[in-house]
Amino acid sequence: MDYFFLDALIRQIQPQLHGALVNKIYQPQSDTLVFKMWNGRQEVRLVMRLGPAAAELYLTDQNARNPMRPPRFCQLLRARLHRLESIRLDPMDRIVRLHFNGKEGQSSTLVATFFGRDANLSLLNDEGQLVDVLHRQNARFQEPSELLADQIALIDLVQWLRDHEPPESIQTFLSERVVPMSRAVASSLVTTTEQNPLIQQVGAFVSAWQQGQLKPRCRGKRLTMWLTGDDEAASNLSRYAREHGAGKGPDDLGRVVQKALKRLYKRLASIDAQWQECEQADLFRQQADLLSAQRHLLKRGMTDVEVTDYYQDPPVMCRLKLDPAKAPQENIDQYYKRYSKAKRGLDHCLRRHEQTEQEIAWLEEITEQLESDSAGDLDVIRQELIEAGIYRPQNTLNRETRRTSPADLMRKTVSPAGWPVLWGRNNKTNDYLSKQMLKANDLWFHAHLMPGSHVVLKCDGADVAEEDVLFAAAIAARFCRGKNSSKVEVMVAYGKHVKRVKNAPPGLVTVDEFRTVMVAPAQEVKEA
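**Q** Hey, could you run me through helix α1 (residues 3–17) in this one?
**A** Think of an α-helix as turning once every 3.6 residues; residues three or four places apart then point the same way. Over its 15 residues, α1 runs 20 Å from end to end, which matches the ideal 21 Å to within 8%, given 1.5 Å per residue. Maximum bend of α1: about 30 degrees, positioned at R11, with proline P15 one to four residues after it. Within α1, burial applies to Y3, F4, F5, L6, D7, A8, L9, I10, I13 and L17. Among the residues of α1, the N-terminal cap falls to D2, whose side-chain oxygen and the backbone nitrogen of F4 are separated by 3.3 Å. G19 sits one or two positions beyond α1 and adopts a positive phi of about 75 degrees.

**Q** Honestly, the environment of L363 in this entry has me stumped. Any pointers?
**A** As for its position among the elements, L363 is in helix α10 (residues 328–369). Exposure remark for L363: the relative accessible area of 0% places this residue in the buried category. Expressed as a C-alpha distance, the spacing of L363 and V190, which sit 173 residues apart in the sequence, is 45 Å. Beyond its immediate stretch of four places on either side in the chain, L363 contacts V257, A260, L261, L264 and L385.

**Q** It is not clear to me how the side chain of S187 should be interpreted in this structure. Could you clarify?
**A** Relative to the assigned elements, S187 resides in helix α5 (residues 183–192). Within the structure, S187 has its side chain in polar contact with the side chain of R219 (distance 2.8 Å). Apart from residues lying up to four places away in sequence, S187 is in contact with Q171 and R219.

**Q** Help me understand the pairing of strand β16 (residues 411–414) in this model?
**A** For a regular strand, the rule is simple: side chains alternate between the two faces of the sheet. By the alternation rule, side chains of β16 split into R411 and T413, which are all buried, and K412 and V414, of which none is buried. Across four bridges, β16 lies against strand β17 (residues 420–423) in antiparallel orientation. Looking at β17, one finds that R411 is bridged to W423. Connecting the antiparallel pair β16 and β17 is a turn made up of five residues, with G418 showing a positive phi of about 95 degrees.

**Q** Any chance you could explain the packing of α5 against helix α6 (residues 198–210) here in plain terms?
**A** When two helices pack together, their arrangement is given by the angle between the helix axes and the distance between those axes. At a minimum axis separation of 9 Å, α5 and α6 run at an interaxial angle of 135 degrees. As the angle between them shows, α5 and α6 are arranged oblique. Judged by the twist between their axes, the crossing of α5 over α6 is right-handed. Between α5 and α6, the contacting residues are V185, L189 and T192 on the first element and Q201, V202 and F205 on the second. For the contact of α5 with α6, the class distribution of residues is four nonpolar, two polar and no charged.

What counts and what doesn't
Residues numbered from 1 in each chain as written. Predicted model: local features only at pLDDT ≥ 70, side-chain atom pairs only at ≥ 80, totals over all residues. Heavy atoms only, no water. Helix = DSSP H or I, 4+ residues; strand = E, 2+ residues; numbered from the N terminus. Expected span 1.5 Å × (residues − 1). Bend = angle between axes of the 7 residues up to and from the residue. Buried < 20%, exposed > 50% of the residue type's maximum accessible area, 1.4 Å probe, protein only. Polar contact = N/O pair within 3.5 Å; in protein donor to acceptor, adjacent residues only side chain to side chain. Contact = heavy atoms within 4.5 Å. Pairing = 2+ DSSP bridges. Axes fitted to C-alpha atoms, helices over the stretch in contact; angles between N-to-C directions. Parallel < 35°, antiparallel > 145°, perpendicular 65-115°, else oblique. Left-handed = near helix turned anticlockwise from the far one by under 90°. Nonpolar A, V, L, I, M, F, W, Y, C, P; charged D, E, K, R; others polar.

The following block contains the structure:
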């Protein structure tokens, strides 16, 4: 995000954060901090991510993962920060300063620098001295920027353009000499000067900026504010920043899973190619039989031989390759060995094909589940990937997870007629539902042919109204890959027809008999 987006965002969230008490500080990732605060009216969560891959700041209503052992910097912040007095942005830079009071009256300042690869978070004491930083490598404290002799303030740019000739390279001039200015805004100004003079565009932009009328816009990988943009998102810049931010997936689990999926699809293609070769086993046996029946035609030193193919009707002549260094019987045995190897390979390919498809289905389920807003679910998913060898965390922060029982993460609600409805948001909870909670005459729901949650309606064989069936199906549609579709096809089956796949990853089942219903995903599910 550039200076203008940060400026608008801080103006928007400042009323919610001013004077808020810090209840808890989490560091779910090495480059991410979550401040859980109470502003006297509601609980707010401020997320700051300052790493080489992403520099983000926004409010969220999602729960954050709380590692078992808080890192050193997180412990220091918990000890020193009590109440947020103010949050402001430096006038000419992407530097955000958060001023806190401590429990004993001392003051501290957090300085967040949103400079891409050099993004960092510094803690200063009440005398302005550096106490510690989030990233110690190449750490340097950033002083407030001042306008250099050859730089021009943005608010003075219109007058400067009236007094001077426009430079040849306008975009370079804007990016390097105008403060504050971002590449995204500079590029947009240059693009629009083709229709309107530069001085007119600059004047309109400055006026809208000063009056707070700029709107959010995503230009490439950069978040900026512009004269035209997303009108609806302008009322909630935190949501816009979260949805368009560079960081995707907690602890980059999404990136790890996608890498594993890519590797599995490549393996599947290789298995299919090998399978096609193994399917020629019968041909190798026929060729071996032909050579054995016409052995008198073979002599050592021959590179090929023409034999009569009696398997064709009528018989035809065909030419088979030979190894000149081998005796006739050795060449015949070589064909029989190719036949035996191909026949064994068919069984091997079938087994590997089924195993690979199961692993793909498992990771596709995890891909959908990573959108869960539950820290407990994400801990279970992280541990599942660690146990499977898919995810190998490089530090203790990401390696240690809180042991959570799948039963504790089971979601519950009631249907219109009062039937209990249960569902899970991770594989182990789904496995627990289908293995422990699902009885023979209960109803089981799952999105058809796509990853999603297992949903169980506890009815024990009683007659269930169609309204209740559609209610549970809508929950299954909400928590599946097709949740953004207008309609989703959902399977409905009795528990006795749902079987767990032997030796497969958790959450994978086969369904012997089912029917399907088309429902719209539930917009909101009130948990009991």
